[in-house]
Each structure stands twice: as structure tokens, then as C-alpha cells.
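Observations on the three-dimensional arrangement
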Amino acid sequence: LPVRMLGSCGGYSSDMADAINWAAGGAVFGVPSNTTPARVINMSLGGAAACPAVVQNAINKARALGAVVVAAAGNDGGDATASMPGNCAGVVTVTATNRQGDRPIYANFGTNVTLAAPGGDWNEGIWSTLNSGSSVPGTHTYGAYYGTSMAAPHVSATVALMLTANKNLMPDQVQKILQDSSSGYFGACDGCGAGALNTLDAVLMALDAAWTGEALNEVEPNNTMGAAQTVATTPTLVNGSIASNTDGDYFKVSVVAKSKVVATLTADAASNFDLYAYDAYGRQVSASVNDAGLNDVVTVSNTASTTTTVYLRVVRNAGSVGNYTLNVANR
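Read on for a plain summary of the structure. (Residues numbered from 1 in each chain as written. Predicted model: local features only at pLDDT ≥ 70, side-chain atom pairs only at ≥ 80, totals over all residues. Heavy atoms only, no water.)

1. Here's the deal with the sheet that holds strand β3 (residues 68-72)
Spelled out, the test is: We call two strands paired when DSSP finds no fewer than two bridges between them. What counts as a helix is a DSSP run of H or I of at least four residues, what counts as a strand is a run of E of at least two, and both are numbered from the N terminus. Working convention: axes come from line fits to C-alpha atoms, limited for helices to the stretch in contact. Angles between N-to-C directions cover 0 to 180 degrees.
One open sheet holds the 4 strands; their spatial order is β1-β3-β5-β6, and the pairing between them is parallel. The sheet is open, and its two borders are formed by β1 (40-43) and β6 (115-118), each paired with just one other strand. When strand polarity is set aside, the average angle formed by the axes of neighbouring strands in this sheet is 35 degrees. Examined bridge by bridge, β3 and strand β5 (residues 92-97) share 3 bridges and lie parallel to one another. Looking at β5, one finds that Ala-71 is bridged to Thr-93.

As C-alpha cells, then:
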């Protein structure tokens, strides 16, 4: 749904507000109704200004209509809270990383940044579709650009996949999943939000949010592989707890041939629990060790032609003891 928000000479905040409103399915005076409202709005644009009230109101209305608003953090190499519309409330604000995983010198950063995505650098651009015409259509071609305007569409595309997987997600849920599923940085990226975009885990977590399976309460003792509690059917939501600093919970899952098991661990906000997966011989095959407040996700594939067994282990890393849920699903 391409929407012309600004002209060749720019535009007004009211133009931006009308475009956001119309894209999400709201009414704009003098304009035909939008019969195919957007569920995700990408705004690869910005400028040094506070968020205008008219734009904030339009974003609020779009979110109320179920649309996720994604915006570039800006390319001033400074505080993203000074760049509009990335500094508006309720927006998924995206900064950039380069090929090395570092935050490029141009990319804005700060407390309002949600996460980072590939944005390229001065000699390593992101390829985009172009047209050679200046006033009338010319030849279709490609060009390489860099900036947070290149990073934001990576996130918008991921959100589109998430909403395809689970159309019932609302904007706040989408933002939390983007943050919880994000990966750690393999470069220097201070002020880049929760982490680097991880499209696969974000989509898997969107699917898990639509969970309608069984519920299972953890039963002690299950602190060794030999005493692992069996998860007999999937999807299953395990309700468990880590009662002491030395407690650890094991669960045994059968994975049928040519499939995979996906486990998502959600702990109390003050608890830093980690999730590990082992094969039948006790060899670690996967692990997720995110910080407190972030979900841990492990995926174990069975490429064999027979069913295999996977052992999942929940263990405290730091923080408080407490409760958790473990969502186990076969794909």
C-alpha cells in the first residue's frame, strides 16, 4: 500500500498525520476511504524536531486501529530522542548496524530506540529498487543506499510476517516480541535498544503467542536428565518455578522425524533464567542465555528418519528465583 506522504519539496506535519491516518483505515476529509488498511506502516523519514501533537494523535489512532508504526531513528549520529517521528510515543524506532554488526557513525541512538537492523554503511549499502526516470517513468534498476531508512523496512517486513503468522497481535505485543526475540550484538552498538533484529525467532514467537495447546504443571523432582518430566503432547505450556539458586528443571520431549521442537522460556521480570537443550546422550545442542526481561528461545531440528528425544533444561543464571512458563511446540 504505497502512500505519498511528502512531495519533492517536503510537506507539513498535517500531511504526515493524514497519511498515517488514511493508511491505517481512518477517514481523511476529501479522500476516498482506504479499503485495504495497513497493519504495519513504515516511515523511513525524519527530521530534528519534537513529535508534533498532530502526528502523535495520528499514531495513537493508527495503533488503536491495530497498525504497527515503524520509524527510522535518524541519521544525525546523535540522540534519537531529538528526531521525529522516531521520538513519537508508541513507535517501533529502528537504528542501523553495518556488515560488522557495529552501529555506524551516522546512526542515531538512545533510550527511545527499540532495536537495530541492517542499514549499511558508506561503502556497504542496502540494495533498493529504483527507476531511472526523473519526471516520467524510465528504466527499472537498483541502487545501494545506507541509513536508518534502510534499517526500518527490515523490521516492517518482519512485522508483516509476524502478522501473517498471527493476525491477532496488537501493536504492543508486536513490539515486545521484536524486543524479546532480538539477538545480541556481535559488534559495538551502544544505545541500540533491545538487540539486533531476529526475524526467524520473532515469527516463531508470534506463532507461539497464538498457542492453544495443553497446560502442564511442573512436578519435582526433575533436576536431572534421569528425572526429567515428560512433555507428552505439543503444543504444551509448562508452568514451573525455580525455587532456589541451585534448582534446575529438566523436561523430556519427543521430536518426530523431519521436524523440530521450538521452546520459548518466559520468566518473571526480576529473574534471569536460561534455557538449554541436550540430546539423549547429554550433549548440549542449543542454548539461549538472554538477559533478565527477555525471553529465551531454542530450536532443535530432527533431520533423521526416526523419532528422537530432546531434553530441555531451565536454570537460574542471576536475579531472583521465581516462576516461569515454557512453551513447547513441534513444527
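After that view of the structure, there is still more to cover.
2. Digging into the pairing of β1
Going by this rule: Here the term buried applies to any residue with accessible area under 20% of the maximum for its type, exposed to any over 50%, and partly exposed to those in between, with areas from a 1.4 Å probe on protein chains only.
Only one face of β1 is covered, namely the one carrying Ile-41 and Met-43; the face carrying Val-40 and Asn-42 has none of its residues buried. Note: β1 against β3, 4 bridges, orientation parallel. Along β3, the bridge assignment pairs Val-40 with Val-68.

3. Points about the sheet that holds strand β13 (residues 259-267)
Note on sheets: strands pair through backbone hydrogen bonds, and any given pair is parallel or antiparallel. Pairing within the open sheet is mixed, and its 5 strands lie in the order β9-β11-β18-β13-β16. Whereas interior strands pair on both sides, the edge strands pair on one side only; in this sheet they are β9 (214-217) and β16 (296-302). Neighbouring strand axes in the sheet, compared pairwise and without regard to direction, differ in orientation by 20 degrees on average. Note that strand β11 (residues 236-242) and strand β18 (residues 322-330) share 7 bridges and pair antiparallel. Residue pairing in the sheet places Ile-242 in a bridge with Gly-322 of β18.

4. Brief notes about the state of the cysteines
Counted only if it meets this: Whenever a pair of cysteine sulfur atoms sits within 2.5 Å, that pair is classed as a disulfide.
If you walk through the whole model with that rule in mind, you get 2 disulfides. Covalently, Cys-51 is tied to Cys-88 through a disulfide, its sulfur atoms 2.0 Å apart. Around the S-S axis, the bridge from Cys-51 to Cys-88 shows a dihedral of about 100 degrees and counts as right-handed. Of the two residues, Cys-51 is situated in the loop between β2 (47-48) and α2 (53-64) and Cys-88 in the loop between β4 (83-84) and β5; the sequence distance between them amounts to 37 residues. Given the relative accessible area of 22%, Cys-51 is considered partly exposed.

5. Considering the packing of helix α1 (residues 13-23) against α2
Note the cut-off: Any angle that falls under 35 degrees is termed roughly parallel, while one over 145 is termed roughly antiparallel, one within 65 to 115 roughly perpendicular, and all others oblique. Residues count as neighbours in contact if any of their non-hydrogen atoms are within 4.5 Å of one another.
Packing of α1 against α2 brings their axes to within 8 Å, and their N-to-C directions diverge by 5 degrees. By the angle between their axes, α1 is roughly parallel relative to α2. Seen from α1, the contacting residues are Ser-13, Ser-14, Met-16, Ala-17, Ile-20 and Asn-21; seen from α2, they are Val-54, Val-55, Ala-58, Ile-59, Lys-61 and Ala-62.

6. Considerations on the layout of surface pockets
This is how the line gets drawn: Using protein atoms alone on a 1 Å grid, points that fit a 1.4 Å probe yet trap it form a cavity, whereas open point sets bounded by protein on both sides within 12 Å along at least five of seven lines form a pocket; residues with an atom within 4 Å of a point count as lining. Grid points are joined across faces, edges and corners, and a volume is the space filled by probe spheres set on the points. Polarity classes work like this: nonpolar for Ala, Val, Leu, Ile, Met, Phe, Trp, Tyr, Cys and Pro, charged for Asp, Glu, Lys and Arg, and polar for all others, with Gly in that last group.
Of the volumes computed, that of the largest pocket is approximately 450 Å³. In this structure, the largest pocket is lined by 16 residues; those nearest its centre are Leu-1, Pro-2, Val-3, Ile-41 and Asn-42. Taken together, the elements giving at least two residues each to the lining of the largest pocket come down to α1 and β1. At 4 residues, β1 tops the list of elements feeding residues into the lining of the largest pocket. Classifying every residue of the lining of the largest pocket gives 12 nonpolar, 2 polar and 2 charged. Taken as a whole, the second largest pocket encloses approximately 300 Å³ of empty space. At the level of secondary structure, the elements contributing two or more residues to the lining of the second largest pocket comprise α4 (171-181), α5 (199-209), β13 and β18. Per-element tally for the lining of the second largest pocket: the top contributor is α4, with 4 residues. Tallied by class, the residues present in the lining of the second largest pocket amount to 6 nonpolar, 6 polar and 3 charged.

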